[in-house]
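Observations on chain architecture
Residues per chain are reported as follows:
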Amino acid sequence: MPSLQVAKEFPDGLFFVDRSFARKSMPKSLCVEADPSGNPIASRDVTIDEKLRIWARVFLPKGKNEKLPVVLYFHGGGFVSFTANTLEFHVLCESISKKLGALVVSVNYRLAPENRLPAAYDDGFAALKWLAQEQGGRKDPWIAAHADLSKILVMGDSAGGNLAHHVAMRAAAEDLGELQIKGRVLIQPFFGGIARLPSETNLQSPTSLLSTDMCDRFWELALPVGASRNHPYCRVFAPDLKAQLRELDLPSTLVVAGGLDVLRDRALEFVEVMRECGMDPELLLLEAADHAFYVAPGSREVAQFLDKLCSFARGIFVSS
């Protein structure tokens with residue numbers, strides 16, 4: 001029997017020409033102790049749901065005795081690839097924790113195709129509620145001592161940006177008690193639809209980490225079986241969802257788009273529709289940024305992003 005031809009290789013999986021996918025193991029980045037002379041951010045892993053194998057990596061700035069804002073972070077990967085301990089996301093969350101002086105909880109949610117959507121949305125919302133549960137976050141020494149649950153920022157990149165959007169939508173429709181989401185940050189959010197937007201056809205660099213074909217492959221693996229890209233998990237602004245947006249009290253929103261990203265126009269469409277629905281999202285358009293620019297620490301685009309993130313967070317937390 002001939003071997004399958006590989007179309008695209010990711011660190012934790014292989015995509016084949018026949019559009020199938022095979023997962024492979026990848027090394028786990030280790031948690032670290034804080035070192036004020038070097039890395040002032042400590043990290044450790046915590047279990048959220050042992051049965052479903054949901055866990056999180058928590059990042060804490062050392063030397064902070066006061067309560068800190070909480071960033072609930074969701075990593076990217078098309079709902080199919082990567083984990084909270086992927087090195088690039090570990091480094092990014094360290095940078096966020098350091099820049100904001102915040103406690104970052106990076107959630108490891110279930111992946112497709114083994115667990116298709118809405119599994120990731122369910123896991124993300126479960127992680128949010130876990131923060132305040134007596135047998136959950138309140139038992140964790142870092143969260144109990146340092147987390148200010150009245151100042152939560154829900155954040156994610158790519159598929160994690162999609163996840164952050166859906167978690168915030170669900171949260172806005174429920175009474176979460178002391179948990180207060182003050183803002184959300186969607187970095188190059190992974191949205192889509194059957195009809196193509198210009199960036200999905202015009203921005204097809206062979207050096208890009210993401211192509212329109214790869215987007216389609218991810219959606220085929222992540223959406224419920226038989227669903228098209230017009231499903232509301234993907235095309236988040238179907239007409240009936242616009243009406244729902246107008247009714248919900250959503251938190252302040254920052255959308256980050258890359259000028260060279262195939263998902264650029266999806267992010268711009270998201271901002272435009274939010275404004276049509278009476279909201280006032282902030283937009284950071286990094287003209288020279290391709291998809292996943294944030295995995296290159298020290299770049300000009302990452303510095304611009306972190307500066308904007310800091311000013312956005314300062315505004316929503318100081319005004320609360």
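Please refer to the structure higher up on the page.
Numbers given to residues run from 1 along each chain, matching the order in which its sequence is written. The model is predicted, so local features are restricted to residues of pLDDT at least 70 and side-chain atom pairs to those at 80 or more, both for listing and for counting; the totals for chains, interfaces and linings are taken over all residues. Where side-chain values are given, they derive from all heavy atoms of the structure, hydrogens and water being excluded.

Remarks on empty space enclosed by the protein
- Think of a 1 Å grid over just the protein atoms. A cavity is a set of points where a 1.4 Å probe fits yet cannot get out, a pocket is an open set with protein on both sides within 12 Å along at least five of seven lines, and lining residues have an atom within 4 Å of a point. Grid points are joined across faces, edges and corners, and a volume is the space filled by probe spheres set on the points. Inspection of the entire model under this criterion finds 1 cavity of 30 Å³ or more.
- Considering only enclosed or pocket space, the largest cavity measures out at about 50 Å³ in volume.
- With 4 residues, the top contributor of residues to the lining of the largest cavity is helix α6 (residues 212-222).
- Think of it as three bins: nonpolar holds Ala, Val, Leu, Ile, Met, Phe, Trp, Tyr, Cys and Pro, charged holds Asp, Glu, Lys and Arg, and polar takes everything else, Gly as well. In terms of residue class, the lining of the largest cavity is made up of 4 nonpolar, 3 polar and 4 charged. Elements are defined by DSSP. Helices are runs of H or I of four residues or more, strands are runs of E of two residues or more, and each kind is numbered from the N terminus.

Comments concerning the sheet that holds strand β11 (residues 282-286)
- Whether two strands pair depends on DSSP finding at least two bridges between them. Reading across the sheet, the 8 strands line up as β4-β5-β7-β6-β8-β9-β10-β11 and stay open at both edges, with mixed pairing between neighbours. Of all the strands in the sheet, just β4 (41-49) and β11 have a single pairing partner and so form its edges. On average, each strand axis in the sheet is tilted by 20° relative to the strand beside it, whichever way the strands run.
- The sheet contact formed by strand β10 (residues 252-258) and β11 spans 5 bridges and is parallel. Note on β11: the bridge partner recorded for Val 256 is Leu 284.
- Lying over the sheet, helix α8 (residues 264-276) contacts β9 (181-187), β10 and β11, oriented at roughly 155° with respect to β10. Orientation is described by axes fitted as lines to C-alpha atoms, over the contacting stretch for helices, and by angles from 0 to 180 degrees between their N-to-C directions. Any two residues whose heavy atoms approach within 4.5 Å are treated as being in contact.

Focus on the side chain of Arg 184
- Here Arg 184 is to be found in strand β9.
- The charged side chain of Arg 184 is buried without a salt bridge, its nearest counter-charge being Asp 249 at 10 Å.
- One polar contact links Arg 184 to Thr 253, side chain to side chain, over a distance of 2.8 Å.
- Each residue touching Arg 184, except ones within four places of it in the same chain, is listed here: Leu 153, Val 154, His 165, Ala 168, Leu 250, Pro 251, Ser 252, Thr 253, Leu 254, Phe 270, Met 274 and Phe 312. Throughout, exposure labels follow a simple rule: accessible area from a 1.4 Å probe, protein chains only, divided by the maximum for the residue type, with under 20% read as buried, over 50% as exposed, and the rest as partly exposed. The convention is simple: Lys and Arg are positive, Asp and Glu are negative, and His and the chain ends are not counted. Counted as salt bridges are all cases of a side-chain nitrogen of Lys or Arg within 4 Å of a carboxyl oxygen of Asp or Glu. In protein, a polar contact means a hydrogen-donor-capable atom and an acceptor-capable atom, both N or O and within 3.5 Å, with residues adjacent in sequence counting only if both atoms are side-chain atoms; elsewhere, any N or O pair within 3.5 Å suffices.

A look at the pattern of salt bridges
- Considering all chains together, one arrives at 18 salt bridges under this definition.
- In this structure, Lys 99 and Asp 307 form a salt bridge, with 2.9 Å as the shortest nitrogen-oxygen distance. With Lys 99 in helix α1 (residues 87-100) and Asp 307 in helix α9 (residues 300-318), this pair connects stretches of sequence that are 208 residues apart.
- Here Lys 99 falls in the partly exposed class, since its relative accessible area comes to 36%.

As for α1
- The first and last C-alpha atoms of α1 sit 20 Å apart over 14 residues, in line with the 20 Å expected at 1.5 Å per residue.
- In this structure, the buried side of α1 is in contact with β4, β5 (54-61), β6 (68-74), β7 (103-108), β8 (147-157) and α9.
- Within two residues after α1, Gly 101 carries a phi angle of roughly 65°, on the positive side. Take the residue count of a helix, subtract one, and multiply by 1.5 Å to get its expected span.

Re unusual backbone geometry
- With an omega of 5°, the peptide bond running from Ala 112 to Pro 113 counts as cis.
- Turning to its location among the elements, Pro 113 is positioned in the loop between β7 and α2 (119-130).
- Residue Pro 118 is reached from Leu 117 by a cis peptide bond, and omega for that bond is 20°.
- Looking at the secondary structure, you find Pro 118 in the loop between β7 and α2.
- One non-glycine residue with positive phi stands out, namely Ala 292, at about 65°.
- Residue placement: Ala 292 occurs in the loop between β11 and α9.

Section: the environment of Asp 216
- One can find Asp 216 in helix α6.
- Each C-alpha atom of the pair Asp 216 and Leu 248 lies 30 Å from the other, and the pair is 32 residues apart in sequence.
- Setting aside anything within four residues of it in sequence, one finds Asp 216 in contact with Arg 19, Arg 196 and Arg 229.
- Of note is the side chain of Asp 216, whose polar atom sits 2.6 Å from the side chain of Arg 196.

Concerning the environment of His 75
- Relative to the elements of secondary structure, His 75 occurs in the loop between β6 and α1.
- By relative accessible area, which is 0% here, His 75 ends up buried.
- It is 22 Å that separates the C-alpha atoms of His 75 and Asp 148, two residues lying 73 residues apart in sequence.
- In this structure His 75 touches Ser 81, Phe 82, Thr 83, Ala 84, Phe 89, Val 107, Asn 108, Tyr 109, Leu 111, Asp 157, Ala 159 and Gly 160, once residues within four positions along its chain are discounted.

Thoughts on the packing of aromatic side chains
- The rule is short: rings of Phe, Tyr and Trp, with Trp giving its six-membered ring, pair when the centres are within 6.5 Å, and they are stacked under 30 degrees, edge-to-face over 60, tilted in between. Evaluated as defined, the whole model comprises 13 aromatic pairs.
- Note on Phe 79 and Phe 190: the rings are 6.4 Å apart at their centroids and 45° apart in plane angle, and the pair reads as tilted. Residue Phe 79 is found in the loop between β6 and α1, and its partner Phe 190 is found in the loop between β9 and α5 (198-202); the two are separated by 111 residues along the sequence. Assigned by exposure class, Phe 79 and Phe 190 land together as buried.
- One aromatic cluster is present, formed by Phe 15, Phe 21, Phe 79, Tyr 121, Phe 190, Phe 218, Trp 219 and Tyr 233 through successive ring pairs.
- Placement of a charge over a ring requires the Lys NZ or Arg CZ to be within 6 Å of the ring centre, with the centre-to-atom vector within 35 degrees of the ring normal. The lysine or arginine in question, Arg 44, covers the ring of Trp 142, its NZ or CZ lying 5.1 Å from the ring centre.

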